[in-house]
Amino acid sequence: MTDDRLLLEASATDLMSEAAERRDHTFGTRITYSPKVFIPLTMLCRDSCGYCTFAQPPARLASPYLTPEQVLAIARHGARTGCHEALFTLGEAPEERYSVAGDWLKLNGYDSTTHYLHEMARLVLDETGLLPHANAGAISRDELALLRSVSPSQGMMVETLRDDLPCHRGAPDKTPERRLATLEWAGELSIPFTTGVLIGIGENRTDRLAALRAITESHLRHGHIQEVIVQNFLPKPGTAMRDEPPCDTNEFLWTIAAARLILPNEIHLQAPPNLSDDFASLIAAGIDDWGGVSPVTADHVNPERPWPALDRLRQVTEAAGHTLAPRLTVHPEHALNPGRWIDPGLHFAVLDRSDAEGLGRDDPGAIWPERATAADVVHDGAEVVLIGHRSTAWYSGATEEPATLIPGVGTRADGPVQRVIDRVRAGEAADHDDLVTLFSARGPEVVAVAELADQLRYEAVGDTVTWVHNRNINYTNVCTFKCRFCGFSKGPMSLNLRGTPYLLTLDDIAERAREAEALGATEVTLQGGIHPDFDGDYYIDVTRAVREAAPSLHIHGFTALEVTEGARRLGEDLVTYLGRLRDAGLSSLPGTAAEILDDPIREILCPDKITTDQWLDCHAAAHEVGLHSNITMMFGAVEHPDSWARHIVRTRDLARVTGGFTEFVGLPFVHMASPIYLQRRSRRGPTFRETLLVHAVARIAYRGVIDNIQLSWVKIGASAARQLLRAGCNDLGGTLMDENISRAAGASHGQAMDLSAFSDLVAPLGRRLTQRTTSYGRVDGSTPKSVSGLESVATA
Ligand code: SF4
């Protein structure tokens, strides 16, 4: 229903179910909020609005403006408690009304309130990483442009287009012309913009529709309105409107629902939870956003109405069948298109707090701007030293404990995620779109996805948790390729110049293999850089050296890149070359070099590496000659869930044809020493929720095709590993003596595990721990189910 006449005549109840349906269709179950601190830069204002308690006369304030120290103290407190946003709120141009404001600015070297705001937003951004949101009122085009360089989004309430309301009689900035001009300039300047209407200040339904229509028209011209706030008037003591009745609840709900039906679907709709006693009704009316909620500061505009605690907000949201997700000050629709919407100087600041969907990272804890410097003493693993505040949020590679997601409370959130789960339970295979939907799970949905994955794990492999005793031999860190994520390679073309280039001799390699065998290892994993001097025979020589030195070891070696390069340098086709490697003693191929099998993402991460098709061709050829292999996926750098789904679907298609993959291995991107992160062009790896979901969704996606889902303890640590074992994983991978590649990217979970460490990890789960061969046979030599067709060739 979008016809004004019908809307005007409808009751709130008439509109609410249609509005909620429209919201669910666009945003699913998700309701967002912005964890923020509120920085009241100045409470002086040249306007006097009849409902406002924020603006104060100079006599009531100790200082006309917060000092930089006060601003930073608030922001640091917010950063420590896990906020993403610094909401700067302030009166409009106070220096034009109060000489004390102008004098303060002049004394401190600022031209205007906007100039001071710009400087403080920059300070907060640089020192804390919190993303500023400037709420500076009806400012000029030039002022909007200035603030765009420090504030990824800005806001100004239209409030109403009525120019005759008594509450605005003393407010020269509240004319419709000034409000609409600011809205329009923001659009012309490509500023993601928040606006809204104030309900119950003397306007009527027709006026509200007119304001919402004007906002819509401006958005249709520019696409810049990210959210519309529908706010209810509440009378406050000490204001001109103190004796007016509060906004009628029905009118409030009617306006929210009408807004949802009028506004383009992509505009988020917000109502503040602290201004309604029954805020669940706001969900029923069609909102999808709670706005800023602060764990630290009061709502300075409505100080008598504290924000609900986050736990309560989550409970109410989930009880209504929705899920709660933190967002950034800029919504994903704009954050994911930074070239158009965000000042280049802010791209990394936004990326650094983003998850894979462009929402706020949701691991609890502080995310401080990270500054790293190379360590003085390094050898074959780069090491970085972090300077400044240490983040306390979980990252792959860092030592912080993750939040407990699993086991969790799996209340049913009826929405797209649950519908996919129901279909998979009924026996359907999840397609690309289903996988993307599963990756969007939040809160109870994450638990539901994990429970399904856990059940499928049990059906496929039972309760046994497996591990393999192996040793990594990274024979060289010299590489001619320029993978932008790689902190390991040290070649002349490398983007990362730390560390010492090395190349092991064949004798060194043989000796390490001999040692591994003597220590009881069943596998060596051979991987290294692509040395400019290697031809294809090098890999064959290495294989022979290892086979001769340690006849019992399974040689798991050479990525699709190494194999493809080796064959190319010899002018051989893949099948012939792989056949020769097999005859020399190679037993299987690792899936590494896959990164993300989605070519536009490979263009960013590893532009000169093999393409998706080449990776798949190499593994198909390996399977053809009887070498099995695995699928790895590195995730959390620059890509989005759509790419994860592509990777899984492409590899699943090949697995269905050849049956040659033994396992899927999730490799969370470790950012700390990775060149692409140090160049400020990637995220900080996946969040823990994303890490858990990638493994759980892999289990669901590969059902009936690949039985084993392996986690990478070296990247996530024991506590996270334990949760992943309850979310579809059944394998701990290798003991990894001498693991260097993750460590080179900054991972700090050590270089080796042993049986007792694995036992400690698995014991609390009550599952059986069993050593396996590379091909998932038992170490006593029995044949695994999943790769039986290949086992005659790939022995170990
Ligand atoms: S990932 Fe491999 S191919 Fe790429 S730069 Fe590093 S060592 Fe070389």
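Rules used throughout
Numbering of residues starts from 1 in each chain and follows the order in which that chain's sequence is written. The predicted origin of the model limits local features to residues at a pLDDT of at least 70 and limits the giving and counting of side-chain atom pairs to 80 or more, whereas totals for whole chains, interfaces and linings rest on all residues. Working from all heavy atoms in the structure, the side-chain values ignore hydrogens and water. Helix and strand definitions follow DSSP, with helices as H or I runs of at least four residues and strands as E runs of at least two, each counted in order from the N terminus. Note on exposure labels: buried denotes an accessible area under 20% of the residue type's maximum, exposed denotes more than 50%, and partly exposed covers the range between, all computed with a 1.4 Å probe on protein chains only. We call two residues contacting when some pair of their heavy atoms lies within 4.5 Å. Stacked, tilted and edge-to-face are the three classes assigned to paired rings of Phe, Tyr and Trp, where Trp is represented by its six-membered ring and a pair needs centres within 6.5 Å; plane angles under 30 degrees give stacked, over 60 edge-to-face, the rest tilted. Pairs of N or O atoms within 3.5 Å make up the polar contacts considered here, provided that, within protein, one atom can donate a hydrogen while the other can accept it, and that residues adjacent in sequence are counted only when both atoms are side-chain atoms. Strand pairing requires that DSSP identify at least two bridges connecting the strands. When we say a residue is near a molecule or strand, we mean one of its heavy atoms is within 4 Å of it. In this classification, the charged set is Asp, Glu, Lys and Arg, the nonpolar set is Ala, Val, Leu, Ile, Met, Phe, Trp, Tyr, Cys and Pro, and all remaining amino acids, among them Gly, are polar. An expected span of 1.5 Å times one less than the residue number is assigned to each helix. pLDDT: the predictor's confidence for each residue, scored from 0 to 100. The salt bridge criterion pairs a side-chain nitrogen of Lys or Arg with a carboxyl oxygen of Asp or Glu, the two atoms within 4 Å. Between N-to-C directions, angles cover 0 to 180 degrees, with each direction set by a line fitted to C-alpha atoms, over the stretch in contact for helices. The scheme is simple: roughly parallel for angles under 35 degrees, roughly antiparallel for over 145, roughly perpendicular for 65 to 115, oblique for anything else. Should the near helix be turned anticlockwise from the far one by less than a right angle, the crossing is termed left-handed; should it be turned clockwise, right-handed. Crossovers are described as right-handed under a simple rule: with the strands pointing away from the observer, the path leading from the first strand over the helix to the second runs clockwise.

Helices and strands together make up the secondary structure of the protein chain, namely 29 helices and 21 strands. Taken over the C-alpha atoms alone, the protein chain extends approximately 90 × 60 × 45 Å along its principal axes. For the protein chain, with 796 residues in total, the buried portion stands at 62%. Within the protein chain, contacts between residues at least 6 apart in sequence are counted, and of these 78% link residues at least 24 apart.

Here we come to the packing of aromatic side chains. According to the stated counting rule, one finds 21 aromatic pairs in the structure shown. On the numbers, 5.7 Å between centres and 90° between planes, the contact of Tyr65 with Tyr116 is edge-to-face. One end of the pair, Tyr65, is in the loop between β1 (30-42) and α3 (68-80); the other, Tyr116, is in helix α5 (residues 113-128), and 51 residues separate them in sequence. Across this residue pair, the class does not change: Tyr65 and Tyr116 are buried. Grouped by ring-pair contacts, the aromatic residues Tyr475, Phe534, Tyr538, Tyr539 and Phe558 constitute a single cluster.

The next subject is the side chain of Ser153. On the secondary structure map, Ser153 appears in strand β4 (residues 153-155). At 2.7 Å, the side chain of Ser153 forms a polar contact with the side chain of His133. Within polar-contact distance, the side chain of Ser153 engages the side chain of Thr329 at 2.5 Å. Sequence-distant contacts of Ser153, that is, excluding residues within four places in its chain, are made with Pro132, His133, Ala134, Pro192, Gln226, Thr329 and Val330.

We now examine the pairing of strand β13 (residues 470-474). Burial within β13 is extensive, with five of its five residues counted as buried. Residues Asn470, Asn472 and Asn474 point to one face of β13 and Arg471 and Ile473 to the other, with burial holding for every one of them. Here five bridges tie β13 to strand β14 (residues 523-527), and the two strands are oriented parallel to one another. When the bridges of β14 are listed, Asn474 appears paired with Gln527.

Moving on: the site of the ligand. Close to the ligand lie Cys479, Phe481, Cys483, Phe485, Cys486, Ser489, Gly529, Leu561 and Lys609, which account for all nearby residues. In terms of residue class, the shell around the ligand is made up of six nonpolar, two polar and one charged.

Glancing now at α5. Over its 16 residues, α5 extends 22 Å from the first C-alpha to the last, a length consistent with the 22 Å expected when each residue adds 1.5 Å. What α5 keeps buried is the set Thr113, Thr114, Tyr116, Leu117, His118, Met120, Ala121, Val124, Leu125 and Thr128. A positive backbone phi angle near 80° is found at Gly129, which sits one or two residues after α5.

Let us look at the confidence of the model for the protein chain. Mean pLDDT for the protein chain: 91, with 91% of residues reaching 70 or above. Note that pLDDT drops below 50 for residues 491-497; the model gives that stretch 17 contacts with residues more than four away or on any other chain. Note on residues 783-796: pLDDT under 50 across the span, and 34 contacts to partners over four residues away in sequence or across chains.

Counted according to the given criterion, the structure contains 49 salt bridges. The salt bridge partner of Asp173 is Arg178, with a shortest N-O separation of 3.1 Å. Overall, the relative accessible area of 1% leaves Asp173 in the buried class. Beyond isolated ion pairs, a larger network of salt bridges with shared partners links Arg30, Asp355, Glu357, Asp362, Arg442 and Arg689.

This next bit is on unusual backbone geometry. Here the bond from Ile406 into Pro407 is cis, since omega is 0°, no more than 30 degrees from zero. Looking at the element boundaries, Pro407 is found in the loop between β11 (384-387) and α15 (416-425). The backbone of Glu159 shows a phi angle near 70°, a positive value even though the residue is not glycine. Secondary-structure assignment places Glu159 in the loop between β4 and α7 (176-188). In this structure Glu159 comes out as buried when scored by relative accessible area, which is 8%.

What follows deals with the packing of helix α2 (residues 12-27) against helix α9 (residues 249-262). Interaxial distance between α2 and α9 falls to 8 Å at its minimum, and their mutual angle equals 40°. As judged from the angle between their axes, α2 and α9 are oblique. Between α2 and α9 the crossing geometry is left-handed. In this structure, α2 contributes Ala12, Leu15, Met16, Glu18, Ala19, Arg22, Arg23 and Phe27 to the contact, and α9 contributes Asn250, Leu253, Trp254, Ala257, Ala258, Arg260 and Leu261. For the contact of α2 with α9, a count of residues per class yields 10 nonpolar, one polar and four charged.

Next up on the list: helix α18 (residues 506-518). Relative to the 18 Å expected for 13 residues at 1.5 Å per residue, α18 spans 18 Å between its end C-alpha atoms, a close match to the ideal helical length. Packed against the buried residues of α18 are β13, β14 and α19 (536-549). After α18 finishes, the residue Gly520 shows a positive phi value of roughly 95°.

Of all eight residues in strand β6 (residues 225-232), eight are buried, a share of seventy percent or more. As paired elements, strand β5 (residues 193-199) and β6 share seven bridges and run parallel to each other. Within the sheet, the bridge partner assigned to Thr195 lies in β6 and is Val228. Regarding topology, α9 serves as the crossover connection from β6 to the parallel strand β7 (residues 268-270), and that connection is right-handed.

Turning our eyes to something else, we now look at the environment of Gln679. Structurally, the position occupied by Gln679 is in the loop between α25 (675-678) and α26 (688-701). Spatially, the C-alpha atoms of Gln679 and Ile201 are 50 Å apart, while their sequence positions differ by 478 residues.

Further remarks concern the packing of α15 against helix α17 (residues 444-461). α17 packs onto α15 with a crossing angle of 15° between their chain directions and a minimal axis gap of 10 Å. Put simply, α15 runs roughly parallel to α17. In the crossing of α15 with α17, the sense of the turn from one axis to the other is left-handed. Contact residues: α15 offers Val417, Gln418, Ile421, Val424 and Arg425, while α17 offers Glu445, Ala448, Val449, Glu451, Leu452, Gln455 and Leu456. Its residues placed into classes, the contact of α15 with α17 shows seven nonpolar, two polar and three charged.

Here Pro245 lies in the loop between β6 and α9. In the structure, Pro245 is positioned 354 residues away from Asp599 in sequence and 60 Å away in space, judged by C-alpha atoms. Residues in contact with Pro245, not counting those within four places in the same chain, are Phe233 and Pro235.

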